[in-house]
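# Commentary on secondary and tertiary structure
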Amino acid sequence: MAIKLQTLLNRAKENMGSGMNPVVNEAILEVVKLAYEVGIFVQITAGYRSFLEQKELYEQGRTNKSKPIVTYARTGQSLHNYGLAVDFVIVSDDGKRALWTEDEKWTRVAAIAKSLGFVWGGDFELFRDFPHLGMSGGLSTRDLQKGLRPNLVSKVTFPNPCHKGD
């Protein structure tokens, strides 16, 4: 039996945390819905990340060599620190297994996300980060560190012509 859309939406809300930008929050929930409609089950694994969480993640693989390096972004250098990014994985039909094979499902989810204003980490030049979606409104992390915040405008429309309802 296929995982229910509401389960994926509930997991997304829980895993994103409370520090998300409202436009990013709304858009990523729409990505989950639109992917679901084409038979792709997207689970959001992370969203807002505090500076302390970012520091600990950056140190992974550096201070504790028994774990792999998972980020090159130091504290304040990640869109996650500003509620402007999420990480996701595609899951099996029953929602119990992560499917990490980078295939057409990943590029389809990326296309849906890009249509809603996200930048996909799979398009990054130096470090391809397939699970990453970010929306900075053109601001750099340096701009964000200076206190600037993007003026994001939602591209989610109701009713969305691509969305046939829950």
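Let me begin by describing the structure that accompanies this report.

### Focus: helix H4 (residues 104–115)
- In a regular helix each residue adds 1.5 Å, so 12 residues correspond to 16 Å; H4 covers 16 Å between its end C-alpha atoms and thus fits that length.
- Of the positions making up H4, those classed as buried are Trp106, Val109, Ala110, Ile112 and Ala113. Burial along H4 is one-sided: seen end-on, the buried residues are contained in an arc of 160 degrees.
- As for H4, its buried residues are in contact with helix H2 (22–37), strand S1 (41–46), strand S2 (85–91), strand S3 (98–99), strand S4 (119–120) and strand S5 (132–134).
- For H4, the N-terminal cap is Asp103; the gap from its side-chain oxygen to the backbone nitrogen of Lys105 is 3.0 Å.
- Just beyond H4, the residue with positive phi is Gly117, at close to 105 degrees.

### Here we look at the nonpolar core
- Ile44, Phe88 and Phe118 are the most contacted members of the largest nonpolar core, which totals 43 residues.
- Residue assignment for this core shows that the elements contributing at least two residues are helix H1 (5–16), H2, S1, S2 and H4.
- When residues in this core are grouped by element, the largest group, nine residues, is from H2.
- Excluding its chain neighbours within four sequence positions, the residues that come into contact with Phe88 are Val42, Gln43, Ile44, Thr45, Trp100, Trp106, Val109, Trp120, Phe130, Pro131, His132 and Leu133.

Rules behind the numbers
Residues numbered from 1 in each chain as written. Predicted model: local features only at pLDDT ≥ 70, side-chain atom pairs only at ≥ 80, totals over all residues. Heavy atoms only, no water. Helix = DSSP H or I, 4+ residues; strand = E, 2+ residues; numbered from the N terminus. Expected span 1.5 Å × (residues − 1). Buried < 20%, exposed > 50% of the residue type's maximum accessible area, 1.4 Å probe, protein only. Arc of directions from axis to C-beta. Contact = heavy atoms within 4.5 Å. Polar contact = N/O pair within 3.5 Å; in protein donor to acceptor, adjacent residues only side chain to side chain. Core = buried A, V, L, I, M, F, W, Y, C linked by side-chain atoms within 4.5 Å.

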